[in-house]
Amino acid sequence: MLDLSSADATISLDILKSINHPCVCVCVCVGGLAGGIEICITFPTEYVKTQLQLDEKANPPKYRGIGDCVKQTVQHHGVKGLYRGLSSLLYGSIPKSAVRFGMFEYLSNHAKDKSGHLNSTRGLLCGLGAGVMEAVLVVCPMETVKVKFIHDQTSANPRYRGFFHGVREIIREQGIRGTYQGLTATVLKQGSNQAIRFFVMTSLKNWYKGDDPNKSINPLVTGTFGAIAGAASVFGNTPLDVIKTRMQGLEAHKYKNTWDCALKIMKYEGLAAFYKGTVPRLGRVCLDVAIVFIIYEEVVKVLNVVWKTD
C-alpha cells in the first residue's frame, strides 16, 4: 500500500486541485474548440505565408507576391489547393490550443497575487511556459508535417496523397525524428509567440479594468485586444517563423542547425528575407488570436457562472 505523509498528501492534493480546477478544464476544452474553428477560417493565409517563405531567391522566385501566389495555386490546383496541409494543422490545432490555454491557466493560478491579480510580467512568463509546452508536445510535429505537405505540392511530382499517407512516408524515411525537425526554432517561436501575446493581452485587460478587477469586457473589446496581441507577436518573431519554416521544409538538409539556417538566409538573401510572409501571417494571426480569445473568454464566463468558480 502506498504510504503518504501528511505533507506529501497536502502537496499532492494541491497539485490535483490545480489540474482539476474547473477553469483549467474549461481552458483545455474551450481552447481546443476555438483552435479547430480558427484554423478552418484562416488556413488559406497560412498556406500563402508558408509558400512565400519557402520561395527562396536562389530558385529563382516562383511567386511575385501574395496575389500571384493565390492566383497560381488556384489555377493549378483549384481553390482546394489553398487548403493543402489543412488536415495536419486541424488534427494538431485542437490539442495545441488545449495545451496552450490549459497550461497558461495552470501557471497563472500559481502566479496570481493574494487578490487574484495577474500582472503583465507574470503573464509574460506564464505565456512563455505555455508556448514552450505546446511547441514540444504538439506544434513541432504538426508544423513539420504541414510544411512538408505544402512544400511537396510545389514539386513536379507530389508524393503525399493525404495526411496519413504523408505522415507514414515521412516516418518510414526519416523516423520519428523526421517529424521533429526545427525543434529549437519552434520552441523559440512558440515561446516568444505566447509570451508576447499573453503579455500584451494581460496588460490591455489590466488597463481596461483599472481598479475594478470584476469589470466585464465586451467581446468586441476582447477581439480588438486579441488582434493587437497577435500583431505584436507577428512583428516580434516573424524571423523565427521564417527560420522554423526553412528548417522543416523538404530542403532542410541544406542547414546544419538553426543558427546555420539563419546565417545562410542572411548571407544569400539579406535581412528582408527574415520578414517574408509577414503580411499574410499578420492577417491570419490577428484573426486567429481575436477569434480564440473571444471564444475563450466568453465560454469561460458562462461556465464560471455555471460552476460558480468566480
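Residues numbered from 1 in each chain as written. Predicted model: local features only at pLDDT ≥ 70, side-chain atom pairs only at ≥ 80, totals over all residues. Heavy atoms only, no water.

A word on the overall build of the chain
- The number of helices and strands found in the chain is 10 helices and zero strands.
- Traced from its N-terminal end to its C-terminal end, the chain shows the element sequence α-α-α-α-α-α-α-α-α-α.
- Accessible surface for the chain amounts to roughly 15,200 Å². Of this, 65% is attributable to carbon and sulfur atoms. (Helix = DSSP H or I, 4+ residues; strand = E, 2+ residues; numbered from the N terminus. Areas by Shrake-Rupley, 256 points an atom, 1.4 Å probe, with all protein chains shown as cover.)

Digging into the packing of helix α7 (residues 183-209) against helix α8 (residues 219-248)
- Where α7 contacts α8, the axes come no closer than 8 Å and their chain directions differ by 165 degrees. Between α7 and α8, the angle is such that the two are roughly antiparallel. Handedness of the α7/α8 crossing: right-handed.
- Looking at the contact of α7 with α8 residue by residue, the class counts come to 15 nonpolar, 10 polar and five charged. (Axes fitted to C-alpha atoms, helices over the stretch in contact; angles between N-to-C directions. Parallel < 35°, antiparallel > 145°, perpendicular 65-115°, else oblique. Left-handed = near helix turned anticlockwise from the far one by under 90°. Nonpolar A, V, L, I, M, F, W, Y, C, P; charged D, E, K, R; others polar.)

As for the pattern of salt bridges
- For the structure on display, the rule yields 15 salt bridges.
- One salt bridge in this structure joins R64 and D68, with 3.5 Å as the shortest N-O distance.
- Judged by relative accessible area, R64 falls into the exposed class, the value being 75%.
- Taking relative accessible area as the criterion, D68 reaches 11% and is therefore assigned buried.
- Measuring nitrogen to oxygen at the nearest pair gives 2.8 Å for the salt bridge that ties E169 to R172. With E169 and R172 both in helix α6 (residues 163-174), this residue pair falls three residues apart, about one helical turn.
- For E169, a relative accessible area of 15% puts it in the buried group.
- Judged by relative accessible area, R172 falls into the exposed class, the value being 58%. (Salt bridge = Lys/Arg side-chain N within 4 Å of Asp/Glu carboxyl O. Buried < 20%, exposed > 50% of the residue type's maximum accessible area, 1.4 Å probe, protein only.)

A look at the nonpolar core
- Within the largest apolar cluster, 24 residues are counted, with the highest numbers of intra-cluster contacts made by F101, F104, F198, F293, I295 and Y296.
- With eight residues, the single largest contributor to this core is helix α10 (residues 278-307).
- Not counting chain neighbours up to four residues away, the residues in contact with I295 comprise V30, A34 and I37.
- Counting residues in each nonpolar core, the second largest holds 13 residues, with I39, V48, L86 and M142 among its members. (Core = buried A, V, L, I, M, F, W, Y, C linked by side-chain atoms within 4.5 Å. Contact = heavy atoms within 4.5 Å.)

Some details on the packing of aromatic side chains
- Evaluation of the coordinates by the stated rule reveals nine aromatic pairs.
- Ring centres of Y208 and F225 lie 6.0 Å apart, and the angle between their planes is 75 degrees; this geometry places the pair in the edge-to-face category. Residue Y208 is found in helix α7, and its partner F225 is found in helix α8; the two are separated by 17 residues along the sequence.
- Ring geometry for F293 versus Y296: centroids 6.1 Å apart, planes at 75 degrees, classification edge-to-face. Residue F293 and its partner Y296 are both found in helix α10; the two are separated by three residues, about one turn of the helix. (Phe/Tyr/Trp six-rings, centres within 6.5 Å; stacked < 30°, edge-to-face > 60°.)

With respect to the packing of helix α5 (residues 120-153) against α7
- Between α5 and α7, the shortest axis-to-axis distance is 6 Å and the interhelical angle comes to 145 degrees. Note on packing geometry: the crossing formed by α5 with α7 is right-handed.
- Taken together, the residues of the contact of α5 with α7 sort by class into 12 nonpolar, 12 polar and one charged.

Section: a nonpolar patch on the surface
- A grouping of L125, L128, V132, M133, V136, L137, I171, I176, Y180 and L183 is seen on the molecular surface, where their side chains present a nonpolar patch of about 780 Å² in accessible area.
- Looking at the element boundaries, I171 is found in helix α6. (Patch = residues over 30% accessible without salt bridge, like charges linked within 9 Å, V, L, I, M, F, W, Y side chains within 5 Å.)

Observations concerning the side chain of S108
- With respect to the secondary-structure elements, S108 resides in helix α4 (residues 86-111).
- What S108 contacts, discounting residues up to four positions off in sequence, is L118 and C126.

What about helix α3 (residues 66-77)?
- Across its 12 residues, α3 extends 16 Å between first and last C-alpha, which sits within 8% of the 16 Å expected from 1.5 Å per residue.
- For α3, every residue scored as buried is listed here: D68, C69, Q72 and T73. The buried side chains of α3 occupy one side of the element, clustering within an arc of 130 degrees when seen end-on.
- Within two residues after α3, G78 carries a phi angle of roughly 80 degrees, on the positive side. (Expected span 1.5 Å × (residues − 1). Arc of directions from axis to C-beta.)

Examining α8
- The first and last C-alpha atoms of α8 sit only 36 Å apart over 30 residues, clearly below the 44 Å expected at 1.5 Å per residue.
- For α8, the principal kink sits at N237 and spans about 65 degrees; a proline, P239, occurs within the next four residues.
- In this structure N218 caps α8, since a side-chain oxygen of it lies 2.7 Å from the backbone nitrogen of L220. (Bend = angle between axes of the 7 residues up to and from the residue. Polar contact = N/O pair within 3.5 Å; in protein donor to acceptor, adjacent residues only side chain to side chain.)

Some points on the confidence of the model for the chain
- Residues of the chain with pLDDT of at least 70 account for 88%, and the chain-wide mean is 81.
- Here helix α1 (residues 6-20) stands out as the least confident element of the chain, with mean pLDDT 40; α7 is the most confident, with 92.
- Note on residues 1-20: pLDDT is under 50 here. Beyond four places in sequence and across chains, it has eight contacts. (pLDDT = per-residue confidence, 0-100.)

Focus: the environment of E143
- Here E143 shows up in helix α5.
- A residue is classified by how much of its surface remains accessible, and E143, at 5% relative accessible area, is buried.
- Expressed as a C-alpha distance, the spacing of E143 and Y180, which sit 37 residues apart in the sequence, is 8.9 Å.
- Once residues lying within four places of it in the same chain are set aside, the contact partners of E143 are E46, L89, K244 and Q248.

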